[in-house]
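Residue-level listing of the chains:
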Amino acid sequence: MGGKLDGLIADNVRAMLSGWGPTHKRYQWAKRIADHGGLIMEIACGWGGGNVPMMMEIDPQATVLMNDLGLVVLDEWRNHLAGERKWPNVGLAHFDATRCPLRSGSIDCVDSAGGIANIPGSNRAISEAYRVLKHGGKLFMSDIDLDPDSFRRLPVQVREDWKRSNDDPDAGSGYRRRLERAGFKILSLTTSSSTLDHRESTIAEIAAKHGQVMGVIGYTIEAVKE
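These remarks concern the structure in this document. These numbers were taken from a predicted model, which means no experiment stands behind them.

A short note on the packing of helix α5 (residues 122-132) against helix α8 (residues 175-182)
Any two packed helices are characterised by the angle at which their axes cross and by the distance between the axes.
Step number 1: Remark: α5 packs on α8, axes separated minimally by 9 Å, with the N-to-C direction vectors making an angle of 45°. When the interaxial angle is binned, α5 and α8 end up oblique. Read as a crossing pair, α5 and α8 show a hand that is right-handed. The segment α5 lies against α8, with Ser122, Ile126, Ser127 and Tyr130 engaging Tyr175, Arg178, Leu179 and Ala182.
Step number 2: Looking at side-chain class alone, the contact of α5 with α8 contains 5 nonpolar, 2 polar and 1 charged residues.

Section: the sheet that holds strand β4 (residues 107-113)
Step number 1: Sheet architecture is open: 7 strands sit in the order β3-β2-β1-β4-β5-β7-β6, paired in mixed fashion. Single-partner strands in this sheet number two, and they are β3 (90-94) and β6 (185-195). Ignoring which end each strand starts from, the neighbouring axes of this sheet average 15° apart.
Step number 2: Note that strand β2 (residues 63-68) and β3 share 5 bridges and pair parallel. In the sheet register, Asn67 faces β3, and the bridge partner there is Ala93.
Step number 3: Sitting on the sheet, helix α4 (residues 71-84) touches β2 and β3, and the angle it makes with β3 is about 160°.

Definitions and cut-offs
Within every chain, residues take consecutive numbers counted from 1 along the sequence as written. Only residues with pLDDT of at least 70 get local features here, since the model is predicted, and only at 80 or more are side-chain atom pairs given and counted; chain-wide, interface and lining totals rely on the full set of residues. Side-chain calculation: all heavy atoms of the structure are included, whereas hydrogens and water are not. Lines are fitted to the C-alpha atoms to define the axes, a helix being fitted only along its stretch in contact, and any angle between axes, read from their N-to-C directions, falls within 0 to 180 degrees. By the criteria applied, helices consist of DSSP H or I runs no shorter than four residues and strands consist of E runs no shorter than two, each listed in order from the N terminus. To sort the angles, those under 35 degrees are grouped as roughly parallel, those over 145 as roughly antiparallel, those from 65 to 115 as roughly perpendicular, and the leftovers as oblique. The crossing is said to be left-handed when, going from far helix to near helix, the turn is anticlockwise and less than a right angle, and right-handed when the turn is clockwise. Note on contacts: a residue pair is in contact if any heavy atoms of the two residues lie within 4.5 Å. Residues were grouped as follows: Ala, Val, Leu, Ile, Met, Phe, Trp, Tyr, Cys and Pro as nonpolar; Asp, Glu, Lys and Arg as charged; and all remaining residues, including Gly, as polar. A pair of strands is treated as paired once DSSP finds two or more bridges between them.

Right, dumping it as structure tokens:
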């Protein structure tokens, strides 16, 4: 494809693996996913590949299906994989994660590294992840959601307009509620809090017009389909 995309994925992978090893801040998380084994699906892998580059450093023979809705993204990943001639068991799949063309109970592990949070209709993506997982299969998530307290401080109509425009009826409800409603059992859940800059975020700009600061919650979750 050429142009500005040349080498972008290779640069992203190198940056992700800078200082890689057991002391890397994401090492233990990636290892938990890789150690699960079986067929791992990375939802909405994007230009960074989600957790795939780190998982593959741990286990180059891992079997992974990298999903994204962007065909250009997957084409660039295909070029990268062909050029590197590694990760022999990694496949690429172009489909909408809210309507997975996969058989129910066919996946051993689903991973989302910011993928679900960026999918319009993320509630459906969570339900689909549950459907395609085998019983005993796990979902690993490192995603963000609007802070429920911040979101509730917005006027009702503003909240409803945001949910509708983002196709996200569960916006600001937190991932524990979403996952449990889909049928998952939460095995571990940790959170971190931060705020959005109103100059760099639409919802934060909207909140600022109403005299509010919009917070977000970062979630790290391991859940199982029993």
